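# Coordinate inspection notes
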Amino acid sequence: MSGIKTLGEFLIERQSDYQYATGELSRIFGAIRLASRIVNREVNKAGLADIIGETGVENIQGETQQKLDVFADEKFMEALRVRGDICGIGSEEQDDFVAFESEHSKSGKYVLLMDPLDGSSNIDVNVSIGTIFSVYRRVSQIGTPAVLGDFLQEGRKQVAAGYVIYGSSTMLVYTTGGGVNGFTYDPSIGVFYLSHPDMIIPETGNIYSINEGNYIHFPDGVKKYIKYCQEEDIETHRPYTGRYIGSLVADFHRNLIKGGIYIYPNSTKAPDGKLRLLYECNPMAFLMEQAGGIATDGKRAILDIPATDLHQRVPLFIGSKKMVEKAHEFVAEFG
Ligand code: AHM
Ligand code: MG
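Note that this is a predicted model, so its numbers are computed, not measured.

All right, on to the overall build of the protein chain then. Looking only at helices and strands, the protein chain has 10 helices and 15 strands in total. Against the globule reference of 20 Å for 335 residues, the protein chain gives a C-alpha radius of gyration of 19 Å, in line with a compact fold. Dimensions of the protein chain, computed from C-alpha atoms along their principal axes, come out at roughly 60 × 45 × 45 Å. Taking all 335 residues of the protein chain together, the buried fraction comes to 55%. Taking all contacts inside the protein chain whose residues are at least 6 apart in sequence as the whole, residues at least 24 apart take part in 64%. A total of about 14,200 Å² of accessible surface is found on the protein chain, and carbon and sulfur atoms cover 49% of it. Each charge sign in the protein chain was given a centre, from 33 positive and 44 negative side chains, and these centres are 3 Å apart.

The following block contains the structure:
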């Protein structure tokens, strides 16, 4: 068994790398690991258990929640609440943040933001979905309830971020600022094993991922970049391959491994794009920068964008360094 490392072992080994090495981050990961195993079990039996389908309740963005979203939201919330290291949670599925009430939780030093089940429109067609999470140190006083300011921090302040992808295999990929590592889940014994150490995105690639059905609504710079991706050029290996799952975690994960660019731009239909800064873009941007790639809104680094609203949306250009830089050239020239 030499050389095989579990997520638990890896976290203990790396504990001294954290800026604040008190074991709390390891316990937070323990909660994430537990909740993701429970969600994984439900996702895998979704078709059998008839759990899929809509609850009919709309979330803050007016989108209809599906049962597994609610289930995942509850499981992550419960797992993190009982441990006391987190004083509050912001969730894409909740209108407002939740400040935990117990004295134990109030003395927690961290807040967590999450999209408990991203890509939920893919649940009933058996396509990969994911959980995205992001951890910050609170800015309010320890011992008091969490406040909005604890959640509205710049992405640059994240102490940890990651995702779980429920796919052909389930993986947990995370960073605490010292590189990106990926762990594959063995469901037969319930353990995550280190399978992708020190993940680095290729500097360039040949995959572009964007919902081209919205082409007509895109800004000119994005339209021209799409045409660039489709042109023939042997030296730059174009035309690129178009790959779009419509599930951010899955599109990101593939591009991280193979090299590529994912774009969810602003458009006439969605003036600020669709994706949420706090729940989706910041954690993915932290991971991407740690893997050697770039994440921007077309101009600014995502991690430097001030957070003003829990459900704030921003355009997202994320992926291989050279590809995102090329997309920027088009945006700068054509808008
Ligand atoms: P969700 O959080 O409601 O699931 O929405 C986010 C998802 C992303 O996973 C995905 O990249 C994007 O929405 C797809 O949107 P679209 O269908 O407009 O292309
Ligand atoms: Mg989402």
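A few words on the site of ligand 1. Close to ligand 1 lie 16 residues; Asp118, Tyr244, Leu248, Tyr262 and Tyr264 are nearest. Here Tyr244 contributes a side-chain N or O atom positioned 2.5 Å from an oxygen atom of ligand 1. Bound to the protein, ligand 1 loses 84% of the 470 Å² it would expose on its own. For the shell around ligand 1, the secondary structure elements donating two or more residues are strand 5 (110-118) and strand 13 (261-264). Its residues assigned to classes, the shell around ligand 1 shows five nonpolar, five polar and six charged. Three or more residues apiece are contributed to the shell around ligand 1 by two domains, here domain 1 (7-196) and domain 2 (207-334).

So, about the domain arrangement of the protein chain. Structurally, the protein chain comprises domain 1 (7-196) and domain 2 (207-334). The distance between the C-alpha centroids of domain 1 and domain 2 comes to 24 Å. With 49 residues of domain 1 in contact, the opposing surface of domain 2 contributes 34 residues. Buried area between domain 1 and domain 2, both sides added, is near 3,000 Å², and the carbon and sulfur share of it is 61%. In terms of surface lost to domain 2, no three residues of domain 1 exceed Leu152, Arg156 and Tyr163, which account for 21% of the buried area on that side. Counting the contacts that link domain 1 with domain 2 gives three salt bridges. Notably, a salt bridge pairs Glu92 with Arg276, separated by 3.7 Å at the nearest N-O pair. Listing elements by their share of the side of domain 1 that touches domain 2, those giving two or more residues are strand 3 (86-91), strand 5, strand 6 (129-137), helix 6 (148-151), strand 7 (160-166) and strand 8 (170-175). Residues of the side of domain 1 that touches domain 2, tallied by class, amount to 22 nonpolar, 19 polar and eight charged.

Time to look at the sheet that holds strand 8. Strand pairing in a sheet takes place through backbone hydrogen bonds and is either antiparallel or parallel in direction. Overall, mixed pairing links the eight strands, which are arranged 4-3-5-6-7-8-9-10 in an open sheet. Each edge of the open sheet carries a strand with a single partner, namely strand 4 (98-99) and strand 10 (191-196). The pairing of strand 9 (residues 180-186) with strand 10 spans five bridges and is antiparallel. The partner of Asp186 across the bridge, within strand 10, is Val191. Across the sheet, helix 9 (residues 277-290) lies against strand 3, strand 5, strand 6, strand 7, strand 8 and strand 9, angled at about 80° from strand 6, the strand it touches most.

Take the environment of Leu25 next. Inspection of the secondary structure assignment puts Leu25 in helix 2 (residues 24-44). What makes Leu25 buried here is its relative accessible area of 4%. Spatially, the C-alpha atoms of Leu25 and Lys223 are 42 Å apart, while their sequence positions differ by 198 residues.

Turning to empty space enclosed by the protein, a few remarks are in order. The tally for this structure, following the rule as stated, stands at one cavity of 30 Å³ or more. Of the pockets and cavities examined, the largest cavity occupies roughly 30 Å³. Forming the boundary of the largest cavity are Ile210, Asn211, Asn214, Phe218, Ile263, Tyr264, Pro265 and Ser267.

Here we take up the pattern of salt bridges. Tallied over the entire structure, the rule returns 17 salt bridges. Residue Lys109 is joined to Glu24 by a salt bridge in which the shortest nitrogen-to-oxygen separation is 3.1 Å. Of this pair, Lys109 sits in the loop between helix 5 (103-106) and strand 5 while Glu24 sits in helix 2, placing them 85 residues apart in sequence. Residue Lys109 is classed as partly exposed on the basis of its relative accessible area of 23%. In this structure, the salt-bridge partner of Arg27 is Asp85, at a minimum N-O distance of 2.8 Å. Residue Arg27 is located in helix 2, and its partner Asp85 is located in the loop between helix 4 (67-83) and strand 3; the two are separated by 58 residues in the primary sequence. Accessibility expressed as a relative area gives 40% for Arg27, which makes it partly exposed. Judged by its relative accessible area of 6%, Asp85 is buried. Beyond isolated ion pairs, a larger network of salt bridges with shared partners links Glu92, Arg276 and Glu280.

Conventions we followed
Residues numbered from 1 in each chain as written. Chains lettered and ligands numbered in written order. Predicted model: local features only at pLDDT ≥ 70, side-chain atom pairs only at ≥ 80, totals over all residues. Heavy atoms only, no water. Helix = DSSP H or I, 4+ residues; strand = E, 2+ residues; numbered from the N terminus. Rg over C-alpha atoms; globule rule 2.2 N^0.38 Å. Buried < 20%, exposed > 50% of the residue type's maximum accessible area, 1.4 Å probe, protein only. Contact = heavy atoms within 4.5 Å. Areas by Shrake-Rupley, 256 points an atom, 1.4 Å probe, with all protein chains shown as cover. Lys, Arg positive; Asp, Glu negative; His and termini not counted. Charge placed at Lys NZ, Arg CZ, Asp CG, Glu CD. Near = heavy atom within 4 Å. Polar contact = N/O pair within 3.5 Å; in protein donor to acceptor, adjacent residues only side chain to side chain. Nonpolar A, V, L, I, M, F, W, Y, C, P; charged D, E, K, R; others polar. Domains from an automatic or database assignment. Buried area = accessible area lost by both parts, 1.4 Å probe. Salt bridge = Lys/Arg side-chain N within 4 Å of Asp/Glu carboxyl O. Pairing = 2+ DSSP bridges. Axes fitted to C-alpha atoms, helices over the stretch in contact; angles between N-to-C directions. 1 Å grid on protein atoms, 1.4 Å probe; cavity = no way out; pocket = protein on both sides within 12 Å on 5 of 7 lines; lining within 4 Å. Points joined across faces, edges and corners; volume = space filled by probe spheres on them.

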